[in-house]
Amino acid sequence: MSQYLQIDHVSIDFPTKNGPFRALDGVDLKIAKGEFVSLIGHSGCGKSTVLNIVAGLYNATEGGVVLEGKEVYQPGPDRAVVFQNHSLLPWLTAYQNVELAVREVFKGQKSKAEMKEWIEHNLELVHMTHAKDKRPDEISGGMKQRVGIARALAMQPKVLLMDEPFGALDALTRAHLQDSLMEIQQELNNTVIMITHDVDEAVLLSDKIVMMTNGPAATIGEVLDVKLARPRDRVALADDAEYNHYRSQVLKFLYERQRNPAQASEKVKPKLVKSGEAA
Amino acid sequence: MKDKLIHSLETVGLSPVVPMVRLASGENPKQQLSEIFERIGLPILAIALFLLLWSVSAAKVQTSLGTLPGPSQVWQQYQGLVVEHQEERLKEEAFYQRQEVRNEKKLAKNPDAKIKVRPYTGKETFFDQILTSLFTVFTGFILASLIAIPIGVACGLNKKLYGAISPIIQILKPVSPLAWLPIVTMVVSAVYVSNDPMFSKSFVTSAITVTLCSLWPTLINTATGVASIDKDWLNVGRVIQLHWSKQVFKIAIPASLPMIFTGLRISLGIGWMVLIAAEMLAQNPGLGKFVWDEFQNGSSNSLGRIMVAVVVIGLIGYVLDWLMVSLQKIISHSSPESAR
């Protein structure tokens with residue numbers, strides 16, 4: 001497998017009152033084209049920071065990100081981001097939200113009619129054609145996230161970056177969207193980096209699970225290759241020995257080797273409990 | 001249909017009428033009647049009580065201009081002002097008619113004669129003065145908005161800039177219009193020099209004073225609104241590499257529109273309040289001048305007329321505020337219930 005995206009020994013310091021705070025230390029990762037990679041770790045371990053550096057929204061203090069042989073130093077549509085809180089512009093309809101991105105990205109490349117077709121195609125892909133003229137406050141959380149995904153896909157990114165895309169959704173909606181995402185992934189073969197809290201989500205969707213150690217100076221603790229055949233079916237996999245083996249490996253990493261820093265004094269993060277129960 | 005009507009009534013701030021619509025459509029009459037009493041009956045009762053208190057207590061105050069007028073005397077004065085206005089209009093019409101007849105005669109005698117058309121220069125009536133005041137306040141307000149919104153957006157996007165000019169804003173904000181006025185008057189006299197001025201100096205002075213005082217709420221609210229935009233929205237713009245001007249017009253301004261409108265609403269309210277004082281001193285022929293002239297006049301009618309002006313100033317202020325709220329509800333993306 002060729003290396004497509006390389007996160008090359010990335011470290012980042014944030015300035016604080018007591019001098020620089022090292023959030024990430026030597027994060028090193030190579031991702032092949034078409035690979036689906038999940039980043040998993042406890043809250044505050046710097047998963048989002050990694051994603052933001054790849055997106056170009058933050059700049060690394062040391063090291064850098066190379067995409068197809070070119071260094072990344074600013075945001076761009078070739079690294080589209082699906083934000084955790086959908087971040088649709090509330091005064092625009094679903095269609096207009098996608099349109100804003102398409103108009104900007106394909107300026108001078110596509111005609112008006114082609115753009116329209118492309119926007120509609122992407123809304124179709126996430127099954128949102130029926131609500132394309134609705135505003136974000138008129139549709140459910142899951143639908144908003146679908147539109148957010150359509151907007152990112154419509155940029156035809158080289159890498160799709162997803163920051164806990166389903167974190168704010170209820171379990172059933174989340175399962176629906178995960179299935180949709182797998183279908184789309186099957187069709188388009190995108191390169192994806194997804195941040196998640198959810199062990200099942202990570203195992204179900206990923207080719208590779210990157211487990212991160214706790215901060216400060218967080219880094220990659222372990223990388224797990226998930227070699228389950230695709231297409232994957234969540235119901236069939238629930239009793240699958242291999243699937244459960246991957247699951248337990250991630251769980252062991254998270255709860256035995258990297259105990260949640262908040263867990264020692266308080267209780268387990270509710271999100272993680274929920275994901276355990278959902279299995 | 002009914003729901004749409006109710007929604008639009010609520011949008012324009014006529015929510016007290018809503019129970020009447022519901023009643024007319026036969027929806028739970030008992031509840032609607034009690035709601036009508038609550039939302040319309042009670043305020044009317046309160047106003048009646050206020051008028052009663054006013055007329056009783058006013059009758060006990062003796063001033064050098066006679067007894068302090070009560071509601072009925074004020075109403076009489078108002079009618080007097082209406083009559084004056086109608087008479088003035090008749091005079092104006094008659095003047096133009098006479099002029100026309102004279103000019104026609106002149107032309108009949110000698111087709112080459114130079115005819116002169118002179119504008120009528122009678123005194124402004126109370127209602128002309130209301131229009132002058134409205135025109136002045138809107139000129140000042142629009143000028144203020146044109147200055148405040150761009151600076152506010154710039155401040156909201158750039159913390160350092162906001163930090164730099166924040167002390168200046170804080171110092172200039174509380175300055176009274178009465179303190180600005182002499183300076184503005186002198187500057188306008190020095191700078192606004194023209195043989196055939198489009199606007200009178202008193203108008204320019206009043207409008208600029210309104211601008212200076214109503215600038216700040218819009219500026220501060222715009223800056224706060226833009227600064228508190230969801231960072232993800234701006235990041236969306238960065239990811240699709242929006243040009244900075246589009247970032248401002250397509251994301252920053254629409255996102256902070258509700259806050260900008262709150263600022264505009266406060267600004268217009270302040271502008272209207274300031275205007276009356278400015279007009280008094282600048283002698284701009286608006287409501288402020290009307291109050292001042294009546295005060296100087298000191299006839300037995302004067303206090304009543306001033307009270308008419310007070311009521312009218314209050315009513316117009318209320319209507320302006322209602323206009324801004326309705327506009328805000330229509331333009332901003334928030335639901336009608338949340339924009340209050």
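The domain boundaries assigned to chain B delineate domain 1 (2–58) and domain 2 (126–331). Between the C-alpha centres of domain 1 of chain B and domain 2 of chain B there is a distance of 32 Å.

Take the sheet that holds strand 1 (residues 5–16) of chain A next. Where strands meet in a sheet, backbone hydrogen bonds hold them as pairs that are either parallel or antiparallel. Residues and elements named next belong to chain A. Read from one edge of the open sheet, four strands run 2-1-4-5, paired in antiparallel fashion. The sheet is open, and its two edges are formed by strand 2 (19–31) and strand 5 (70–72), each paired on a single side. Across the sheet, the axes of successive neighbouring strands diverge by a mean angle of 35 degrees, strand direction being ignored. In this sheet, strand 5 lies alongside strand 4 (residues 62–67) in antiparallel orientation, the contact comprising three bridges. Pairing of Val66 across the sheet is with Glu71, part of strand 5.

This brings us to helix 3 (residues 112–125) of chain A. Because each turn of an α-helix spans 3.6 residues, side chains separated by three or four positions end up pointing in the same direction. All names here are of chain A. When the terminal C-alpha atoms of helix 3 are compared, their 20 Å separation across 14 residues agrees well with the 20 Å that a helix rising 1.5 Å per residue should span. Within the sequence span of helix 3, burial applies to Ile119, Asn122 and Leu123. Summarising the axial view, the buried residues of helix 3 lie within an arc of 100 degrees, below the 170-degree limit, and thus occupy one face. Exposed positions of helix 3 whose direction lies more than 90 degrees from the buried face are Ala113, Glu114, Glu117 and Glu124. Those residues of helix 3 that are buried lie in contact with helix 2 (94–105) and helix 4 (141–154). Just past helix 3, the residue His127 takes up positive phi, approximately 60 degrees.

Residue and element names in this part refer to chain A. Pairing is mixed in the open sheet, where six strands are placed in the order 6-7-8-3-9-10. Looking along the sheet, the strands with just one partner apiece sit at the ends: strand 6 (81–82) and strand 10 (220–225). Where strand 3 (residues 36–40) meets strand 8 (residues 191–196), five bridges bridge the pair, whose relative direction is parallel. Among the inter-strand pairings, Ser38 is bridged to a residue of strand 8, identified as Met194.

How two helices pack is summed up by the angle between their axes together with the distance between the axes. Residue and element names in this part refer to chain B. Running from amino to carboxyl end, helix 11 (residues 287–297) crosses helix 12 (residues 302–331) at an angle of 165 degrees, the nearest separation of the two axes being 9 Å. Judged by the inter-axis angle, helix 11 sits roughly antiparallel to helix 12. Read as a crossing pair, helix 11 and helix 12 show a hand that is left-handed. Here Leu287, Phe290, Val291, Glu294, Phe295 and Asn297 of helix 11 lie close against helix 12, whose contacting residues are Ser302, Arg305, Ile306, Ala309 and Ile313. Of the residues in the contact of helix 11 with helix 12, the class split is seven nonpolar, two polar and two charged.

Glancing now at the interface of chain A and chain B. Contacts between the two partners involve 18 residues from chain A and, on the opposite side, 14 residues from chain B. Among the elements that take part in the side of chain A that touches chain B, helix 2 of chain A stands out by supplying four residues, more than any other. The residue makeup of the side of chain A that touches chain B, split by class, is 14 nonpolar, three polar and one charged.

The next subject is helix 8 (residues 241–257) of chain A. All names here are of chain A. Under the 1.5 Å per step criterion, the end-to-end length of helix 8 is 23 Å for 17 residues, consistent within 8% with the ideal 24 Å. Within helix 8, the full set of buried residues consists of Tyr243, Tyr246, Val250, Phe253 and Leu254. On the buried face of helix 8, the contacting elements are strand 3, helix 6 (199–205), strand 9 (208–212), strand 10 and helix 7 (234–237).

Our next topic: unusual backbone geometry. The peptide bond linking A:Arg230 to A:Pro231 adopts the cis configuration, its omega dihedral lying at -5 degrees. Here A:Glu164, not a glycine, exhibits a phi torsion of approximately 45 degrees, which is positive. Residue class for A:Glu164 comes out buried when judged on the 21 C-beta atoms lying within 10 Å of it. Positive phi, normally seen in glycine, also occurs at B:Gln283, with a value near 60 degrees. With respect to the helices and strands, B:Gln283 occurs in the loop between helix 10 (244–282) and helix 11. What makes B:Gln283 partly exposed here is the crowd of 16 C-beta atoms within 10 Å.

Along a regular strand, successive side chains alternate from one face of the sheet to the other. Residues and elements named next belong to chain A. Counted residue by residue, strand 3 has five buried out of five residues, so it is predominantly covered. Burial of strand 3 is two-sided: the residues Phe36, Ser38 and Ile40 facing one way and the residues Val37 and Leu39 facing the other way are all buried. Where strand 3 lies against strand 9, four bridges are found, and the strand directions are parallel. Of the residues in strand 9, the one forming a bridge with Leu39 is Val210.

The next point concerns the packing of helix 10 of chain B against helix 12 of chain B. Residues and elements named next belong to chain B. Axis separation between helix 10 and helix 12 bottoms out at 10 Å; the angle between their running directions is 165 degrees. Relative to helix 12, the element helix 10 lies roughly antiparallel. The two elements helix 10 and helix 12 meet at a crossing, and its hand is right-handed. Contacts between helix 10 and helix 12 involve Leu257, Pro258, Phe261, Leu264, Arg265, Leu268, Gly269, Trp272 and Ile276 from the former and Ile313, Gly317, Leu320, Asp321, Met324, Val325, Leu327, Gln328 and Ile331 from the latter. Looking at the contact of helix 10 with helix 12, its residues break down into 13 nonpolar, three polar and two charged.

Parameters at a glance
Residues numbered from 1 in each chain as written. Chains lettered and ligands numbered in written order. Predicted model: local features only at pLDDT ≥ 70, side-chain atom pairs only at ≥ 80, totals over all residues. Domains from an automatic or database assignment. Pairing = 2+ DSSP bridges. Helix = DSSP H or I, 4+ residues; strand = E, 2+ residues; numbered from the N terminus. Axes fitted to C-alpha atoms, helices over the stretch in contact; angles between N-to-C directions. Expected span 1.5 Å × (residues − 1). Buried ≥ 20, exposed ≤ 12 C-beta atoms within 10 Å, placed from the backbone. Arc of directions from axis to C-beta. Contact = placed C-beta atoms within 7 Å. Parallel < 35°, antiparallel > 145°, perpendicular 65-115°, else oblique. Left-handed = near helix turned anticlockwise from the far one by under 90°. Nonpolar A, V, L, I, M, F, W, Y, C, P; charged D, E, K, R; others polar.

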